[in-house]
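# Structural overview
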Amino acid sequence: MAQRTLTGIKPTGMPHIGNLLGMYRPALARQQESECFFFVASYHALTTMRDPALLRDQTLDVAANWLALGLDPSRSVIWSQHDVPEVTELAWILSCITSKGMTDKAHAFKDAVAKGLDVNVGLYTYPILMAADILAFDSHVVPVGKDQKQHVEMTRDMAQRFNHLFGETLVVPEPLIRDDVATVPGLDGQKMSKSYGNTIEIFLPPKKLRKKFMSIVTDSKGVDDPKDPESCNVFGLYKLFATEEQQQDLAEQYRAGGLGYGHAKQALFEVVDEQLAEPREKYNELKANPDEIRAVLEDGSNRARTVARATIDRVRSAVGL
Ligand code: ADP
Ligand code: TRP
């Protein structure tokens, strides 16, 4: 069987450049060499979202992000998670072979408890639904940022346990986590995340995008002071977009003194804006034609459902249903 790549992202806000570097780009690059399944994790979003109109809107928005960034629907499959409800059946079956000890250890759940949040059962079983997403499609490779590593490891454990109990049925997947972009820093230097309010959204209009870059937190060194590029948040992001030559050039200017952080931020904005200009145009076109996005999602869900149905049939038969 051809190598299959699968990943998903929740429609809980507008995708940001942490998502772009940590997930979208590595995932989309795999379209050359493998069969790709990419989806909008709408069921997972329900663990936190309570606004139906916003959920609908953001589901389309995340799909538009996939398409604008290069997902080619003639070769890859894209759908909304809730249009393939087979995954919830698989999640139930997996939950019956997963020890509570495993889900107790999930970081996302533990963090929510530590923060004193009112934790729902969906958040607690989140890793099992994610495992079902991955296993329903016989995925070999799962491109994600580092924060999702534990979830893919739990998925591997569930697949191995299932195969041990019922015979070889499920493909055991591998995570794909690129070291250089495993944790992209946000405006304040912490991991960029929608939950920390420190994001730079991919498809902001140029003026707003520039403003975001200008708000990156730096130390208070003056223009003339020599600066250390390696400990600077602005340079940390610049490295992830600029060529080797551009990086060396800016690093020298940092060390020499005479470069203000405003200039470094402008250089960062320019390099990112140049890379985003074309996909931004595509994104704006798509957003103006939501029916086109809906049609692509519907076609994708039909293709995805056929694959998930076959896995569920295999799983049902393996367990005796
Ligand atoms: P957020 O943390 O902002 O809610 P998601 O959980 O929706 O982001 O993440 C979607 C994908 O993007 C996941 O694969 C996740 O690991 C990756 N990702 C999110 N933030 C970052 C980051 N700062 N650096 C690298 N990858 C990230
Ligand atoms: N949990 C992932 C996140 O928060 C989203 C996700 C759901 C996912 N199902 C998946 C990622 C399956 C990869 C594979 O970002």
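Residues numbered from 1 in each chain as written. Chains lettered and ligands numbered in written order. Predicted model: local features only at pLDDT ≥ 70, side-chain atom pairs only at ≥ 80, totals over all residues. Heavy atoms only, no water.

### Let's talk about the site of ligand 2
Around ligand 2 sit 14 residues, and of these Lys10, Tyr126, Met130, Asp133 and Gln148 come closest. A distance of 2.7 Å is found between a nitrogen atom of ligand 2 and a side-chain nitrogen or oxygen belonging to Tyr126. Between ligand 2 and the protein, one listed contact pairs a nitrogen atom with a side-chain N or O atom of Gln148 at 3.0 Å. Taking a 2 Å distance to the grid points as the criterion, the majority of the atoms of ligand 2 fall inside the largest pocket. Of all the elements in the fold, those that place two or more residues in the shell around ligand 2 are strand E1 (4–9) and helix H8 (126–136). No other element matches the 4 residues that H8 contributes to the shell around ligand 2. Residues belonging to the shell around ligand 2 are distributed by class as follows: 8 nonpolar, 4 polar and 2 charged. (Near = heavy atom within 4 Å. Polar contact = N/O pair within 3.5 Å; in protein donor to acceptor, adjacent residues only side chain to side chain. 1 Å grid on protein atoms, 1.4 Å probe; cavity = no way out; pocket = protein on both sides within 12 Å on 5 of 7 lines; lining within 4 Å. Sits in = over half its atoms within 2 Å of the grid points. Helix = DSSP H or I, 4+ residues; strand = E, 2+ residues; numbered from the N terminus. Nonpolar A, V, L, I, M, F, W, Y, C, P; charged D, E, K, R; others polar.)

### A closer look at the pattern of salt bridges
In a structure, side chains of opposite charge can pair up when their charged atoms sit close to one another. Counted by the stated rule, this structure contains 19 salt bridges. When the shortest N-O distance is used, the salt bridge between Lys100 and Asp104 registers 3.2 Å. You can see Lys100 and its partner Asp104 sitting in helix H5 (residues 100–104), 4 residues apart, about one turn around the helix. Exposure remark for Lys100: the relative accessible area of 54% places this residue in the exposed category. By relative accessible area, which is 30% here, Asp104 ends up partly exposed. Salt-bridge contacts for Asp219 lead to Lys221; the nearest nitrogen and oxygen are separated by 3.5 Å. (Salt bridge = Lys/Arg side-chain N within 4 Å of Asp/Glu carboxyl O. Buried < 20%, exposed > 50% of the residue type's maximum accessible area, 1.4 Å probe, protein only.)

### What to know about the pairing of strand E2 (residues 35–40)
With 5 of 6 residues buried, E2 lies mostly within the body of the structure. Sheet analysis places E1 next to E2, joined by 6 bridges and oriented parallel. Looking at E2, one finds that Ile9 is bridged to Val40. (Pairing = 2+ DSSP bridges.)

### Re the domain arrangement of the protein
Here the protein is partitioned into domain 1 (4–184 + 289–319) and domain 2 (194–282). Distance between the C-alpha centres of domain 1 and domain 2: 31 Å. Overall, the association of domain 1 and domain 2 removes approximately 1500 Å² of surface from exposure, summing both partners, and the carbon and sulfur fraction of that is 72%. Where domain 1 meets domain 2, there are 0 salt bridges. At the boundary of domain 1 and domain 2, one finds 5 residue pairs in polar contact (both at pLDDT 80 or more). Elements that contribute at least two residues to the side of domain 1 that touches domain 2 include exactly helix H1 (17–29) and helix H3 (52–68). (Domains from an automatic or database assignment. Buried area = accessible area lost by both parts, 1.4 Å probe.)

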